[in-house]
Amino acid sequence: MKVVDMHCDTIAEIYKDHKKGGRVSILENQLMLDLRKMQAGDYGLQNFALYVNLEQAMGRPFEYCMELLDTFYLEMEAHEDIIGIVRSYEDIRRNWEQGKMSALITVEEGGTCQGKTAFLRDFYRLGVRMMTLTWNYPNELAYPNARITREDGTFRMAPDTEHGLTDTGIAFVEEMERLGMVIDISHLNDAGIWDVFRHTGKPLVASHSNARAIASHPRNLTDHMIRTLAGRGGVMGINYCTAFLRDFGPGEEPVSRISDMVMHMKHIRNIGGIGCIGLGSDFDGISGTLEMRDAGRLPMLADAMEKEGFTASEIEAVFYKNVLRVYKEVL
């Protein structure tokens, strides 16, 4: 069963290792994802995120992201016999015909552009084909959902329904549509998500977000959002992170279980139909205990879906066909 995964943070982990003098390779490593694990899992395409934490970027997010991009290209060029970088749907088709996997570049943090559409276009020229408008901090474009600190220093997340896209953010999503870059609403706050729907017309994605009706974290989508996304022809990628799969009680060990992933899929299918479900693992951006702990174990998910009554055509749709449909239309 071919796999198309809309989100992983592997490149950021490799970059951090190299900055410390390490020699971790995308070919084979101890991370959740590498090319050998992808081959074992029958991957067709992986979105590789250039993940930028604005606080860690020390005031130079564009430069920091360019360093991540350089790491990505060096790793891919070293293994171009196994995986090919794609900029269009035709590139994906060509790689598969040649027996190669595909790599699509995404940016996780619209603040890397520093509010400049020129930087957005530069990223596009360099191969970036998807971008989130935010990560976990406000930027020139938009806002994440609220992080409310308690008196004891802990915090909770809450939906933000007040702060929509800025004027610059609106200009960005319009330019992304013009360019043929997929808009990713994961990490965006509620008000911003609705602004994206209002100011765009093409299919878009929530690359690594689940259903809020099942797990209450505001990084997940409400049923209304799911219906709207599905009506637009968009796709949401099931995130394997514990916090987005289940509301764990006090003293309960957070475990990422395949059964919870399937539960989300069932709910989303009931709300928006099978056509709006994809995969967005968040491999190497999540921690804790994972039942499906690396990219080589995706057949476990297909087996679980089959046992829960998903048909072969539905499993294929979730595993790769739905996302490829969006890419064919937008890229």
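Residues numbered from 1 in each chain as written. Predicted model: local features only at pLDDT ≥ 70, side-chain atom pairs only at ≥ 80, totals over all residues. Heavy atoms only, no water.

### Points about the overall build of the protein chain
A tally of helices and strands in the protein chain yields 11 helices and 13 strands. Over its C-alpha atoms the protein chain spans a radius of gyration of 18 Å, differing by no more than 12% from the 20 Å that the globule rule assigns to 331 residues. Dimensions of the protein chain, computed from C-alpha atoms along their principal axes, come out at roughly 50 × 45 × 40 Å. Split into buried and exposed, the 331 residues of the protein chain put 57% on the buried side. The contacts of the protein chain with a sequence gap of at least 6 include a subset with a gap of at least 24, amounting to 70%. About 13,300 Å² of surface is accessible on the protein chain, with carbon and sulfur atoms providing 48% of the total. (Helix = DSSP H or I, 4+ residues; strand = E, 2+ residues; numbered from the N terminus. Rg over C-alpha atoms; globule rule 2.2 N^0.38 Å. Buried < 20%, exposed > 50% of the residue type's maximum accessible area, 1.4 Å probe, protein only. Contact = heavy atoms within 4.5 Å. Areas by Shrake-Rupley, 256 points an atom, 1.4 Å probe, with all protein chains shown as cover.)

### Focus: the environment of Asp 294
Along the chain, Asp 294 falls in the loop between β13 (289-290) and α10 (298-307). Spatially, the C-alpha atom of Asp 294 lies 9.0 Å from that of Asp 284, the residues being 10 residues apart in sequence. Residue contacts for Asp 294: discarding those within four places in its chain leaves Met 32, Lys 37 and Phe 283.

### Description of the pattern of salt bridges
Tallying each qualifying case throughout the model produces 18 salt bridges. Here Lys 16 makes a salt bridge to Glu 13, at a shortest N to O gap of 2.9 Å. Here Lys 16 pairs with Glu 13, and both are found in helix α1 (residues 10-19), just three residues apart, close to one helical turn. Lys 16 sits in the partly exposed class, given a relative accessible area of 36%. In this structure Glu 13 comes out as partly exposed when scored by relative accessible area, which is 28%. A salt bridge links Asp 91 to Arg 94, with the shortest nitrogen-to-oxygen separation between them at 2.9 Å. Residue Asp 91 and its partner Arg 94 are located together in helix α4 (residues 89-97), separated by three residues, close to a single helical turn. Owing to a relative accessible area of 17%, Asp 91 belongs among the buried residues under this scheme. Residues participating in the shared-partner salt-bridge network are Arg 60, Glu 63 and Glu 67. (Salt bridge = Lys/Arg side-chain N within 4 Å of Asp/Glu carboxyl O.)

### A few points about the layout of surface pockets
Of the volumes computed, that of the largest pocket is approximately 840 Å³. Lining the largest pocket we find 31 residues, and of these Trp 135, Asn 136, His 187, His 217 and Phe 244 sit closest to its centre. Only α1 and β7 (155-158) provide two or more residues apiece to the lining of the largest pocket. The element contributing the most residues to the lining of the largest pocket is α1, with three residues. When its residues are assigned to classes, the lining of the largest pocket shows 12 nonpolar, 11 polar and eight charged. (1 Å grid on protein atoms, 1.4 Å probe; cavity = no way out; pocket = protein on both sides within 12 Å on 5 of 7 lines; lining within 4 Å. Points joined across faces, edges and corners; volume = space filled by probe spheres on them. Nonpolar A, V, L, I, M, F, W, Y, C, P; charged D, E, K, R; others polar.)

### Notes on the packing of helix α5 (residues 117-125) against helix α6 (residues 167-179)
Across the interface, α5 lies against α6 with an axial gap of 11 Å and an inter-helix angle of 30 degrees. Here α5 lies roughly parallel to α6, going by the angle between them. In this structure, α5 crosses over α6, and the sense of that crossing is right-handed. The residues of α6 that touch α5, namely those facing Thr 117, Leu 120, Arg 121 and Tyr 124, are Phe 172, Glu 175, Met 176, Arg 178 and Leu 179. (Axes fitted to C-alpha atoms, helices over the stretch in contact; angles between N-to-C directions. Parallel < 35°, antiparallel > 145°, perpendicular 65-115°, else oblique. Left-handed = near helix turned anticlockwise from the far one by under 90°.)

### Here we look at helix α7 (residues 190-199)
Of all the 10 residues making up α7, seven are buried; the element is thus mostly covered by neighbouring parts of the structure. Three or more residues of α7 are buried, namely Asp 190, Ala 191, Gly 192, Ile 193, Asp 195, Val 196 and Phe 197. The inward-facing, buried residues of α7 abut α6, β8 (182-184) and α8 (223-231).

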